[in-house]
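These are the residues of each chain, in order.
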Amino acid sequence: MRNRIPGFIVDATNVYRTKDFIVKQIIGVLYDSEEQNIVLSRDTYYFRTRQRDSEYEAVYRNRKHIDGKRLPTMTYTRTYVY
């Protein structure tokens, strides 16, 4: 099953890499007619392993800055995958 899509890419708006994690951001807008609208991010932090780094580098090898960077949002939630 060589052509499977890594979990950290599925449904991601943005993917970037830190020293210890590959981070998947799913960004959305929460609409609120009484207060204000909010841009939010549901983040999943995947602990870096050789396998995940290899998959990441295969997908993003043509990026000018391979590690990418976070897209800023007003609020976020975090989930960790080890």
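Thresholds applied
- Residues numbered from 1 in each chain as written.
- Predicted model: local features only at pLDDT ≥ 70, side-chain atom pairs only at ≥ 80, totals over all residues.
- Heavy atoms only, no water.
- Pairing = 2+ DSSP bridges.
- Helix = DSSP H or I, 4+ residues; strand = E, 2+ residues; numbered from the N terminus.
- Axes fitted to C-alpha atoms, helices over the stretch in contact; angles between N-to-C directions.
- Contact = heavy atoms within 4.5 Å.
- Buried < 20%, exposed > 50% of the residue type's maximum accessible area, 1.4 Å probe, protein only.
- Core = buried A, V, L, I, M, F, W, Y, C linked by side-chain atoms within 4.5 Å.
- Polar contact = N/O pair within 3.5 Å; in protein donor to acceptor, adjacent residues only side chain to side chain.

(A) Representation of the sheet that holds strand 2 (residues 21–30). Spatially, 1-2-3-4 is the arrangement adopted by the 4 strands of the open sheet, whose pairing is mixed. The sheet is open, and its two edges are formed by strand 1 (14–17) and strand 4 (75–81), each paired on a single side. Averaged over all pairs of adjacent strands, the angle between their axes in this sheet comes to 20 degrees, without regard to strand direction. Examined bridge by bridge, strand 2 and strand 3 (residues 38–47) share 10 bridges and lie antiparallel to one another. Across the sheet, residue Ile27 finds its bridge partner in strand 3, namely Ser41. The strands touched by helix 1 (residues 50–60) within the sheet are strand 1, strand 2, strand 3 and strand 4, with strand 1 carrying the most contacts at an inclination of about 125 degrees.

(B) Representation of unusual backbone geometry. The phi torsion at Asp11 lies on the positive side, around 65 degrees, for a residue other than glycine. Secondary-structure assignment places Asp11 in the segment before strand 1. Look at Asp11 and you get exposed, because its relative accessible area is 65%.

(C) Examining the environment of Arg4 more closely. Looking at the secondary structure, you find Arg4 in the segment before strand 1. Through-space distance from the C-alpha of Arg4 to that of Phe21 is 20 Å; in sequence the pair is 17 residues apart. Among all residues touching Arg4, those that are not within four sequence positions of it are Gln51 and Glu55.

(D) Just the nonpolar core, in detail. Listed in full, the 6 residues of the largest apolar core are Phe8, Val15, Ile22, Tyr46, Tyr56 and Tyr60. Beyond its immediate stretch of four places on either side in the chain, Tyr56 contacts Phe8, Val15, Tyr16, Arg17, Ile22, Arg63, Ile66, Asp67 and Gly68.

(E) Summary view of the environment of Gln36. Take Gln36: it is sitting in the loop between strand 2 and strand 3. Sequence separation between Gln36 and Lys24 is 12 residues, and the spatial gap between their C-alpha atoms is 26 Å. Not counting residues up to four positions away in its chain, the partners in contact with Gln36 are Leu30 and Met74.

(F) Structural context of the side chain of Arg17. Residue position: Arg17 is located in strand 1. Within the structure, Arg17 has its side chain in polar contact with the side chain of Glu57 (distance 3.0 Å). Polar contacts involving the side chain of Arg17 include one to the side chain of Asp67, which spans 2.7 Å.

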